[in-house]
Amino acid sequence: RTIALPGAVAQIATATAIGAAMAHFWGWSLGEGLVFGLSLSVASTVVLLRALEERNALQSSEGKIAVGWLIVEDLAMVLALVMLPAIADSLGGDSSAVHAPGTSEDTSVTLLITLAKVALFVALALVVGKRVVPWLLMRVTRTGSRELFTLSVLAIALGIAYGSSAAFGVSFALGAFFAGVILSESELSHQAGADSLPLKDAFAVLFFVSVGMLFDPSIVSREPLAVIAVVAVIMVGKSLAAFVIVLAFRHPVRTALTVSASLAQIGEFSFILAGLGAALGLLPQEGRDLILAGALLSIALNPITFAGVAPMTRWLESHPRVLALLERRGAERHRIPVTSAVGFRDHAIVVGYGRVGGA
């Protein structure tokens, strides 16, 4: 979808600017505000996929746009995780926490070296992903042992994650992301995903348990207004920005409402970015607590947001003037004029559903 890339970039920029402005109001530095705003700008793909699957909307046009939008956000956060250590010193942080110390004069050199390492890693990953990993998985499959296949998938994923972290200096989480990309190049990726599903669920539970253990509940009583402001940025600021962007690309209101509800939460990449920012000295402890509080509250409230999409759509459809005002740029594209039906009699309308019907 052409809307995914420009829409996600515009939404990330808007949410980051709002978060950074709020951090500046609290007296934080520019680097702290930048990390804080970026952490609030990216939604959780895991939460979105679960929500769309529960509503059988994963294969709908709205679901495809929302998933593509979040994939672009994830890729943007990957770039942020790569570049943040290289520019930490210039933002007032301490890059020695994750790699060899540098000075502000060699920031550009450090950034170029980091980007060169990542480019080399991506090139190797593409070669390995298209040749070595599929060949290795095919040889394992021929043994007929399902247990050995699952163990091989886990060993390859962890090996790529650790190797990328040790050899190229990227974070372990980023290496795990690229490990998934490499495994997806194999023809057996669907079988690997199905066999590792119990492990995925177990690791997801452990991930959120660890997040819950990091959360300080006292932040809600100590800084209630700040928590409310963070939740407002996540659930209102981001959603409104996405709503306007989707309408600007001449999509229906229902699509805009669905995408807005999809982005009304934050998740895994927010935690990773907040952890890296704290390690680099670019995020205070209070900032990480606020991000965790905003994540937990927004994830808990996200089903309510999704539940409001259908009533809001029906309300707008019952007020054609408001609907026409919102869809003024896309009405001709997404709606069939009433006059086009004049002269038709005894016609049947076939409505499709699902992967086959939607095609």
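Rules and cut-offs
Residues numbered from 1 in each chain as written. Predicted model: local features only at pLDDT ≥ 70, side-chain atom pairs only at ≥ 80, totals over all residues. Heavy atoms only, no water. Helix = DSSP H or I, 4+ residues; strand = E, 2+ residues; numbered from the N terminus. Areas by Shrake-Rupley, 256 points an atom, 1.4 Å probe, with all protein chains shown as cover. Contact = heavy atoms within 4.5 Å. Salt bridge = Lys/Arg side-chain N within 4 Å of Asp/Glu carboxyl O. Buried < 20%, exposed > 50% of the residue type's maximum accessible area, 1.4 Å probe, protein only. pLDDT = per-residue confidence, 0-100. Patch = residues over 30% accessible without salt bridge, like charges linked within 9 Å, V, L, I, M, F, W, Y side chains within 5 Å. Core = buried A, V, L, I, M, F, W, Y, C linked by side-chain atoms within 4.5 Å.

1. Topic: the overall build of the protein chain
Here comes step 1: Helix and strand counts for the protein chain stand at 18 helices and zero strands.
Here comes step 2: Split by element, the accessible area of the protein chain, about 19,200 Å² in all, is 67% carbon and sulfur.

2. What about the side chain of threonine 313?
Here comes step 1: The topology assignment puts threonine 313 in helix 15 (residues 309-317).
Here comes step 2: Sequence-distant contacts of threonine 313, defined by excluding residues within four places in its chain, comprise Arg254 and Leu257.

3. Side note on the pattern of salt bridges
Here comes step 1: Enumeration over the complete set of coordinates arrives at two salt bridges.
Here comes step 2: The salt bridge partner of arginine 55 is glutamate 54, with a shortest N-O separation of 3.8 Å.
Here comes step 3: Overall, glutamate 54 belongs to the exposed group, its relative accessible area being 64%.
Here comes step 4: A salt bridge links arginine 222 to aspartate 216; its shortest N-O distance comes to 3.1 Å.
Here comes step 5: Accessibility expressed as a relative area gives 44% for arginine 222, which makes it partly exposed.
Here comes step 6: For aspartate 216, a relative accessible area of 27% gives the class partly exposed.

4. Observations regarding the environment of glycine 175
Here comes step 1: By the element assignment, glycine 175 lies in helix 7 (residues 172-183).
Here comes step 2: Spatially, the C-alpha atoms of glycine 175 and glycine 163 are 7.9 Å apart, while their sequence positions differ by 12 residues.

5. A word on the confidence of the model for the protein chain
Here comes step 1: Overall, the prediction assigns the protein chain a mean pLDDT of 80, with 86% of residues at 70 or greater.
Here comes step 2: In this model residues 100-105 is a low-confidence stretch, pLDDT under 50, and it forms six contacts with partners more than four residues away in sequence or in other chains.
Here comes step 3: A low-confidence stretch, residues 329-342 (pLDDT under 50), is modelled with 10 contacts involving residues beyond four sequence positions or located in other chains.

6. Some thoughts on a nonpolar patch on the surface
Here comes step 1: Taken together, Leu158, Tyr162 and Phe172 make up a surface patch of nonpolar side chains, about 340 Å² in accessible area.
Here comes step 2: Along the chain, the position of leucine 158 falls in helix 6 (residues 146-168).
Here comes step 3: A residue is classified by how much of its surface remains accessible, and leucine 158, at 45% relative accessible area, is partly exposed.

7. As for the nonpolar core
Here comes step 1: Core analysis: the largest hydrophobic core is formed by 43 residues, its most contacted members being Phe36, Leu40, Leu84 and Leu290.
Here comes step 2: Going through the elements one at a time, helix 1 (4-25), helix 2 (30-41), helix 4 (61-87), helix 11 (224-248), helix 13 (268-279) and helix 14 (285-307) are the ones with two or more residues in this core.
Here comes step 3: With seven residues, the top contributor of residues to this core is helix 11.
Here comes step 4: Look past the residues within four positions of phenylalanine 36 in its chain and what remains in contact with it is Gly19, Met22, Ala23, Trp26, Trp28, Val230, Leu283, Gly287, Leu290 and Ile291.
Here comes step 5: If you look at the next biggest cluster of nonpolar residues, it comprises 29 residues, including Ile3, Ala51, Ile65 and Val246.

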